Amino acid sequence: MGYFRENVEKAKAYEPGFQPQQTDIVKLNTNENPYPPSPAVMKVLAEITPDKLRRYPDPKGSAFRQAAAEINGVQPENIMCCNGGDDLLVIAFQAFCDENRSVAYPVPTYTYYPVLAEVQNCKAIEVPFDSEFNLPAKLAGTGAALTIICNPNAPTGTFIDVGELASLADELTGVLLIDEAYVDFAEANCTTLVKDFDNVIILRSMSKGYSLAGIRFGYAIAQPALIAGLMKVKDSYNVDAVAIALATAAIKNQQYFKENVEKIKESRKELTEQLRLLNFEVPNSSTNFVLATSKSCKASEIYDKLVQRGIYVRYFDRPGIDDKLRITVGTKEQNQKLISALQDILSDATLRSPSGT
Ligand SMILES: Cc1ncc(COP(=O)(O)O)c(C=O)c1O
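Residues numbered from 1 in each chain as written. Predicted model: local features only at pLDDT ≥ 70, side-chain atom pairs only at ≥ 80, totals over all residues. Heavy atoms only, no water.

## Some details on the overall build of the chain
In step 1: Regarding its fold elements, the chain presents 13 helices and 13 strands.
In step 2: On C-alpha atoms alone, the chain measures out to a radius of gyration of 21 Å, which is about the 21 Å that the 2.2 N^0.38 rule sets for 357 residues.
In step 3: If you line up the chain on its principal axes, its C-alpha atoms span 60 × 50 × 50 Å.
In step 4: Each of the 357 residues in the chain was classed as buried or not, and the buried ones make up 54%.
In step 5: Within the chain, counting contacts between residues at least 6 apart in sequence, those at least 24 apart form 72% of the total.
In step 6: About 16,700 Å² of surface is accessible on the chain, with carbon and sulfur atoms providing 50% of the total.
In step 7: Charged side chains of the chain number 37 positive and 44 negative; the gap between the two group centres comes to 3 Å. (Helix = DSSP H or I, 4+ residues; strand = E, 2+ residues; numbered from the N terminus. Rg over C-alpha atoms; globule rule 2.2 N^0.38 Å. Buried < 20%, exposed > 50% of the residue type's maximum accessible area, 1.4 Å probe, protein only. Contact = heavy atoms within 4.5 Å. Areas by Shrake-Rupley, 256 points an atom, 1.4 Å probe, with all protein chains shown as cover. Lys, Arg positive; Asp, Glu negative; His and termini not counted. Charge placed at Lys NZ, Arg CZ, Asp CG, Glu CD.)

## Some points on the packing of helix H11 (residues 254-277) against helix H13 (residues 332-346)
In step 1: Put simply, H11 and H13 touch, their axes get as near as 10 Å, and they point 5° apart. Here H11 lies roughly parallel to H13, going by the angle between them. On the side of H11, the interface is formed by Glu266, Ser267, Glu270, Leu271, Gln274 and Leu275, while H13 contributes Lys332, Asn335, Gln336, Leu338, Ile339 and Leu342.
In step 2: Here the contact of H11 with H13 is composed, by residue class, of five nonpolar, four polar and three charged. (Axes fitted to C-alpha atoms, helices over the stretch in contact; angles between N-to-C directions. Parallel < 35°, antiparallel > 145°, perpendicular 65-115°, else oblique. Nonpolar A, V, L, I, M, F, W, Y, C, P; charged D, E, K, R; others polar.)

## A word on empty space enclosed by the protein
In step 1: Taken as a whole and judged by the stated rule, the model has one cavity of 30 Å³ or more.
In step 2: In this structure, the largest cavity spans a volume of roughly 50 Å³.
In step 3: If you go around the largest cavity, the residues you meet are Ser38, Gly209, Tyr210, Ser211, Ala250, Tyr256, Phe257 and Asn260.
In step 4: At three residues, H11 tops the list of elements feeding residues into the lining of the largest cavity.
In step 5: Here the residues of the lining of the largest cavity are counted per class, giving four nonpolar, four polar and no charged. (1 Å grid on protein atoms, 1.4 Å probe; cavity = no way out; pocket = protein on both sides within 12 Å on 5 of 7 lines; lining within 4 Å. Points joined across faces, edges and corners; volume = space filled by probe spheres on them.)

## Points about the site of the ligand
In step 1: With respect to spatial proximity, the complete set of residues near the ligand consists of Gly84, Gly85, Asp86, Tyr110, Cys150, Asp179, Ala181, Tyr182, Ser205, Ser207, Lys208 and Arg216.
In step 2: At a separation of 2.9 Å, an oxygen atom of the ligand approaches a polar side-chain atom of Tyr182.
In step 3: Side-chain polar atom of Ser205 to an oxygen atom of the ligand: 2.7 Å apart, as the coordinates give it.
In step 4: Burial of the ligand by the surrounding chains reaches 92%, relative to a free accessible area of 390 Å².
In step 5: The pocket occupied by the ligand, as judged from atoms lying within 2 Å of grid points, is the largest pocket. (Near = heavy atom within 4 Å. Polar contact = N/O pair within 3.5 Å; in protein donor to acceptor, adjacent residues only side chain to side chain. Sits in = over half its atoms within 2 Å of the grid points.)

## Overview of the side chain of Ser211
In step 1: The topology assignment puts Ser211 in the loop between strand S7 (200-205) and strand S8 (218-221).
In step 2: Of the residues examined, Ser211 reaches a relative accessible area of 12% and is grouped as buried.
In step 3: Reaching out from Ser211, the side chain makes a polar contact with the side chain of Asn33 at a distance of 3.3 Å.
In step 4: In this structure Ser211 touches Asn33, Tyr35, Pro36, Pro37, Met206 and Asn260, once residues within four positions along its chain are discounted.

## What about the layout of surface pockets?
Any space left empty among the atoms is revealed by the rolling of a water-sized probe across them.
In step 1: Within this model, the largest pocket holds a volume of roughly 870 Å³.
In step 2: Elements supplying a minimum of two residues to the lining of the largest pocket: helix H5 (85-96), strand S3 (103-107) and S7.
In step 3: Here the lining of the largest pocket takes three residues from H5, the largest share from any one element.
In step 4: Looking at the lining of the largest pocket residue by residue, the class counts come to 18 nonpolar, 12 polar and nine charged.

Note that every value here comes from positions in space, so none of it alone points to a role or purpose.
Spelled out as structure tokens, the structure:
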């Protein structure tokens, strides 16, 4: 229609996971936390005053910066609040990439990165992972202005050691953004790299471990010079007053957060074992989801049959991952419903093999 920049016209929109409105379903498709946010968050929400809504929010979300800095062992100047981790990705593409400054990342990974590259009109250098999802050596030499490593990775759930990412940060000439949206469920994180490298930005999300996907809150950790540069690009009030108050209450309640994460890790272990017993190949996951490849049936058919039973998981119709299902770790009860449904579906002799024969 001609109103848009050419690359926006050409861009294929990011497809978020399906958000069904019914409540009587088992929703394991968008990696939400199955447990509610901390009671401290709900208390703060109940106490929001009209004045809080009438006035503009603190542009830097100082209360959250302070709390997040303490928990991560850094200074408030190392933190920038964001309207979800996705907001930080948008800001980073705007800050570092253009038609002469490319982005690089291993694939398969979060499918929002190529959309942002297209909108920003920058070249996307996609370097394939090997079959075990090790860090591709080629990434160090792409010359990209921005390299993104999703760690733990989505949709594979796999984790690259902090030492390997330190070496990569050292070798790169551009910025290394480590997308730690799922790191709450891993055994390590890359916060220490921020002290050693002036080119590292860490992305964190409050959507997963803290059960706050609905309010949209995330943050960056980086050296003050990078944070100051990113602040120039962000919307002046990119996080709202209610979100700042709730995210601050959530991050301060570490005990609730840790108990919640432990429950999910325990359920992840059980779910992985049960899926393997059903003949799925499931790599060990460091996230709140697992990636399951059926050795006996087509993933798309299993997906359809699960939907018929009111169970939603994520199926990606993309080369390389179209034989897999990404399944969010739910409550024990939700996971059991999924496993029972899969037992039923897989016992159906009319289902075809993965090759379609
Ligand atoms: C890999 C990855 N990075 C970043 C995000 C953004 O998270 P949010 O914007 O909900 O904080 C997501 C969301 O699912 C994700 O999967």
